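Residue-level listing of the chains:
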Amino acid sequence: MMKRGQWRRCWGLAAALLGLPAAGQLEGPPEGSSQYSCFEAARQGSSVSESIAAQLCQGARSDSPARCFLRVQEKGFLADPQALQLCQYATPSDDPASCFLKARNSSFLDETQLLELCRPPIAQMLKMCPYGP
């Protein structure tokens, strides 16, 4: 079980990795924020629910998670929960959808192993340091 100080360090690490401001600097999201742009991109031209779009774009620094998710839906190779797991926290330098598709076609790994292989690195860090007390 984590002690109080450890939770603060985890939150600080997660905030730093996501590029979030310090707790004392938190305000409402600026107009045109990355998370909202991502949310709007996920909702355009697709059947993505607002709930899935909100989860997908939480902490987004660009619309990359939405583009990844929509590509996964277009190809039809993952259900929404797995596509969310794959694409959440994607950045412009990541391409989890291509990674998954290429690895699926060239390996014998199961879907769970492929998701772990291709998820953005920040997703792994957040598993070790979850939010909340």
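Residues numbered from 1 in each chain as written. Predicted model: local features only at pLDDT ≥ 70, side-chain atom pairs only at ≥ 80, totals over all residues. Heavy atoms only, no water.

Novice: Any chance you could explain the overall build of the chain here in plain terms?
Specialist: Scanning the chain from terminus to terminus reveals 8 helices and 0 strands. Listed by position from the N terminus, the elements making up the chain come as α-α-α-α-α-α-α-α. In the chain, buried positions account for 35% of the 133 residues. Here the contacts in the chain between residues at least 6 apart in sequence split such that 60% fall between residues at least 24 apart. Accessible surface, the chain as shown: approximately 8,300 Å² in total, 54% of it carbon and sulfur. (Helix = DSSP H or I, 4+ residues; strand = E, 2+ residues; numbered from the N terminus. Buried < 20%, exposed > 50% of the residue type's maximum accessible area, 1.4 Å probe, protein only. Contact = heavy atoms within 4.5 Å. Areas by Shrake-Rupley, 256 points an atom, 1.4 Å probe, with all protein chains shown as cover.)

Novice: How should unusual backbone geometry be read in this particular structure?
Specialist: Only a minority of non-glycine residues have a phi that is not negative, and only a minority of peptide bonds are not trans. Of note in the backbone geometry, Tyr89 takes a positive phi value of approximately 75° without being a glycine. For Tyr89, the location among the structural elements is in the loop between helix 5 (80-87) and helix 6 (96-106). Residue Tyr89 is classed as buried on the basis of its relative accessible area, which comes to 11%.

Novice: What exactly am I supposed to notice about the confidence of the model for the chain here?
Specialist: Caution applies to low-pLDDT regions: their predicted coordinates should not be interpreted in detail. The share of residues in the chain with pLDDT of 70 or more is 66%, and the mean pLDDT across the chain is 76. Highest mean pLDDT in the chain belongs to helix 3 (residues 50-57) (93); lowest belongs to helix 1 (residues 4-18) (48). Under a pLDDT of 50 for its full length, residues 22-26 has, in the predicted model, 1 contact with residues more than four places off or in other chains. (pLDDT = per-residue confidence, 0-100.)

Novice: Explain the packing of helix 2 (residues 34-43) against helix 3 here, please?
Specialist: In helix packing, the relevant descriptors are the interaxial angle and the interaxial distance, both defined with respect to the helix axes. Where helix 2 contacts helix 3, the axes come no closer than 9 Å and their chain directions differ by 140°. The angle between helix 2 and helix 3 places the two elements in the oblique class. Helix 2 and helix 3 meet at a crossing whose hand is right-handed. Of the residues in helix 3, those in contact with Gln35, Cys38, Phe39, Ala42 and Arg43 of helix 2 are Glu50, Ala53, Ala54, Leu56 and Cys57. Looking at the contact of helix 2 with helix 3 residue by residue, the classes come out as 7 nonpolar, 1 polar and 2 charged. (Axes fitted to C-alpha atoms, helices over the stretch in contact; angles between N-to-C directions. Parallel < 35°, antiparallel > 145°, perpendicular 65-115°, else oblique. Left-handed = near helix turned anticlockwise from the far one by under 90°. Nonpolar A, V, L, I, M, F, W, Y, C, P; charged D, E, K, R; others polar.)

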